[in-house]
Structures are given as structure tokens and as C-alpha cells.
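Reading the structure
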Amino acid sequence: MLAGMPIAAALGINQIPMPMLVPFCLNRNGNAISVSGELYDEMIRHADPPGPDTASAWGAALCRIVAARKSTCRSPLTFGMVFPFSCHNYELRYWMAACGIDPDIDVRLVVVPPPLMVDSLRDRHIDGFCVGEPWNSLGVESGLSRIIVTKPELWRNGTEKVLGVPAAWAARNAEVLSLLIRALDQAAAWAEEPAHRAELASLLARPEYLGVPAHLIASALSGELAAAPGQEASRIPDFLLLHRDRANCPSPDQALWIYSQMVRWRQWPRLPGDDATIAATFRPDIYHAALAGKGWSVHVPHPQWQPGAMGGEAFFDGRSFDPTDIDGYLAPLVRE
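Because the structure is predicted, anything quoted here is derived from the model rather than measured.

To continue, consider the sheet that holds strand S2 (residues 31–36). The sheet built from five strands is open, its strands ordered S4-S3-S5-S2-S6 with mixed pairing. Looking at strand neighbours, the two that pair on one side only are strand S4 (108–111) and strand S6 (145–150), the edges of this open sheet. Taken pair by pair, the neighbouring strands of this sheet meet at an average axis angle of 25°, ignoring direction. Bridge analysis of S2 against S6 gives five bridges, and the strand direction is antiparallel. Within the sheet, the bridge partner assigned to serine 36 lies in S6 and is serine 145.

With respect to the helices and strands, the residue glutamate 224 is situated in strand S8 (residues 224–225). The sequence separation of glutamate 224 and phenylalanine 239 amounts to 15 residues, and the corresponding C-alpha distance is 8.3 Å. Beyond its immediate stretch of four places on either side in the chain, glutamate 224 contacts Ser219, Ala233, Ser234 and Arg235.

What follows concerns the sheet that holds strand S10 (residues 240–241). Read from one edge to the other, the open sheet built from three strands follows the order S7-S1-S10, with strand pairing classed as antiparallel. Unpaired on one side and paired on the other, strand S7 (159–166) and S10 mark the two borders of the sheet. When strand S1 (residues 20–29) meets S10, the two strands line up antiparallel, connected through two bridges. For arginine 28, the partnering residue across the bridge sits in S10 and is leucine 241.

On to the packing of aromatic side chains, then. Under the counting rule described, the total for this entry stands at ten aromatic pairs. For the pair tyrosine 94 and phenylalanine 315, a centre-to-centre distance of 5.1 Å together with 35° between the ring planes defines the contact as tilted. Here the residue tyrosine 94 occupies a position in helix H4 (residues 87–98), and phenylalanine 315 occupies one in the loop between strand S11 (313–314) and strand S12 (320–321), the gap between them amounting to 221 residues. As far as the burial class goes, tyrosine 94 and phenylalanine 315 line up, both buried. Through a chain of ring-to-ring contacts, the aromatic side chains of Tyr94, Trp155, Trp257, Phe315 and Phe316 assemble into a single cluster. Of note, arginine 146 hangs over the ring of tyrosine 40, and the distance from its end group to the ring centre comes to 5.9 Å.

Side-chain alternation along strand S3 (residues 78–81) places Thr78 and Gly80 on one buried face and Phe79 and Met81 on a second face that is also buried. In this structure, S3 lies alongside S4, joined through four bridges in parallel fashion. Within S4, the position partnered with glycine 80 by the bridge is valine 110. Chirality of the crossover, the property in question, places the unit of S3, H4 and S4 among those that are right-handed.

With that settled, the discussion passes to unusual backbone geometry. In this structure, proline 134 follows glutamate 133 across a cis peptide bond, with omega equal to 10°. Residue placement: proline 134 occurs in the loop between strand S5 (128–132) and helix H6 (135–141). In the Ramachandran plot, asparagine 14 falls in the positive-phi region, its phi being about 60° despite a non-glycine side chain. Relative to the helices and strands, asparagine 14 is located in the loop between helix H1 (4–11) and S1. If you check the backbone angles, arginine 246 has positive phi at about 55° while not being a glycine. Here arginine 246 shows up in the loop between S10 and helix H12 (252–264). For arginine 246, a relative accessible area of 51% puts it in the exposed group.

What counts as what
Residues numbered from 1 in each chain as written. Predicted model: local features only at pLDDT ≥ 70, side-chain atom pairs only at ≥ 80, totals over all residues. Heavy atoms only, no water. Pairing = 2+ DSSP bridges. Helix = DSSP H or I, 4+ residues; strand = E, 2+ residues; numbered from the N terminus. Axes fitted to C-alpha atoms, helices over the stretch in contact; angles between N-to-C directions. Contact = heavy atoms within 4.5 Å. Phe/Tyr/Trp six-rings, centres within 6.5 Å; stacked < 30°, edge-to-face > 60°. Buried < 20%, exposed > 50% of the residue type's maximum accessible area, 1.4 Å probe, protein only. Lys NZ or Arg CZ within 6 Å of the ring centre and 35° of its normal. Right-handed = clockwise from strand over helix to strand, strands pointing away.

From the geometry alone we can't say anything about function, so treat these as descriptive.
Here it is, written out as C-alpha cells:
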């Protein structure tokens, strides 16, 4: 599941509440923001200083373009993202807002399935998008888009996809879930090994999976991306984490940041008890117990996990997230 989906399900956003468990994180990072070749050229012309090479510089250039379009009553730029409760949506919004763009007023954000991002750009339905690999690289190889910002630049080691299961199912199938976690752990370790990248890319390239050239998938697995057609690929540190650096341990802190964005962008009000619901959903204790071959309960153990126990989250604009003070974190952002 996209990391925001079990949070939305547990809280009951746009649906009947369903208690969920997230006992395993499938990957961290792996996303990027791409723009059309035309918009890229326009951003280069509006960049100050020339040659933007940071998330902030690209954002500033886009902000100038957005302002110019508004002053001449031109239609707003349109950006694609994967799902309203996806990190793609929240990362795109966070980047724009930090650079002076109101994503609800100054641009249009629309939902586009990842395999249709490049086609939507080709058909001029969108001007840019935020999506996971290999769709950004497919846009570059097609000559249609340019990669300008990657997720590690915006939010280092941010959660992306997770294993999510209904809590009621987990209670009835505790041993099955433990076995699944152990199997996923071994699979993630195998997939992380550089020696296995070619085989993994070949498997994922098959039509029933991604159906794109294997070399694009291999590039994503290695974190070596070409930002523009004909450009030499650059290595992006920690572009995609599948197993190392505790990548698979679910982070309640990061889940609370995702929740804070739901509140910030008015998808959900800030309600008492929400923090506890999220702590009961993202469960590092189940992850550790399963790998150790120990029993666990769907109920949060005591002493309960405390927000901030896994370290703070920092972002490209220098703003940090303190999960123990979500209201304090949100106050200036809501005013902005």
C-alpha cells in the first residue's frame, strides 16, 4: 500500500474506519519530480542564478513562472500525482509550498496512474508529475520530460510503500503474518544486493509487472539516473532503499508526518486520539517480534511507543518535524 492509505483507512477518511496494521516498510525513497521539456526550458530561463541544481532553486524558478502566468491570466500549470493519500501528493505539495507556490490555488494537481504519467505528458494533459521510478526515467528516455528533484533531496529516507493488513485479519492469522514478514525481509535483502539487480530488473520488466525496458529499472535500483535526454547518468545517494539502514522497520514518526500533511491540506481535521490510532497502526514491535520468532499482539504493547523515539525528520527547506508537537509544527504552515 501507499504509506498514506492505511492511515486514511484507520482514521476513516472518506470511508468507514478500518483498523489497520503496518508491520513492514517495503521501501524508502524512490520518487522524483519531473517536468515537460517545454516547462524545463522555461524554468532554466527563469532561474536565478542560472543553472538551478537544488530543490529550492528549481522551486524558485517554478514560482516565478507561476506568478507570470497569473499576471497574464493564463491557465495554471497542471501536475500529476499518484493518489490523494500518497507521499507523491504530499512531497509535491510540500516542495511547492516551501518555494512560495500554493498547490491548491496556483497550480492544478490531478490523479494519474503511474503507467499513464508519460502518456499524459505527451498528450499535454499535465505539465509535470511526481511519481516513483521507473516512470520518471521512461519520460526522460522518451524525450518528453526532465527530472528536477528526487525524494532523497526533499525528505531523506522517507517511507514510501508499506505492507498493510486489516487488524482483524492479523489477529486471526498472527503466525501467517510473522512468516510473511520474514519472507519479505529475506526478499528485501536479496533485492538490495547489487549482484541481483540485473535479474531483478529482468523480472520486473516483464509485461505482467512493469512492462518497461529492464535497463531503466536497473538504473532505479542502482540510483543512477539521467535527468535529461542524452545526459550522463548521475549517482543519487540513497535514491532507493529496499533493506539497508533499517529501511523495512515501520516508522510511527514518519507516519505522523504523513498524517500532519493530511491535516495541513485539509483532508482531515486534527482530532484527539489520532496520534494513538497511528501508533496502533505503524508497528515496529510486530516487525521486530516476527524477525525474532516471538509472539506479538495486535494491541500496542506497554510501555507504548513514544513519538520521537525513532529520531526527528528533516526536510530540504531546513524545517524539522517534531512528532511530539504536531500542533506546533502545523501552526506556521497553516498560516502560510
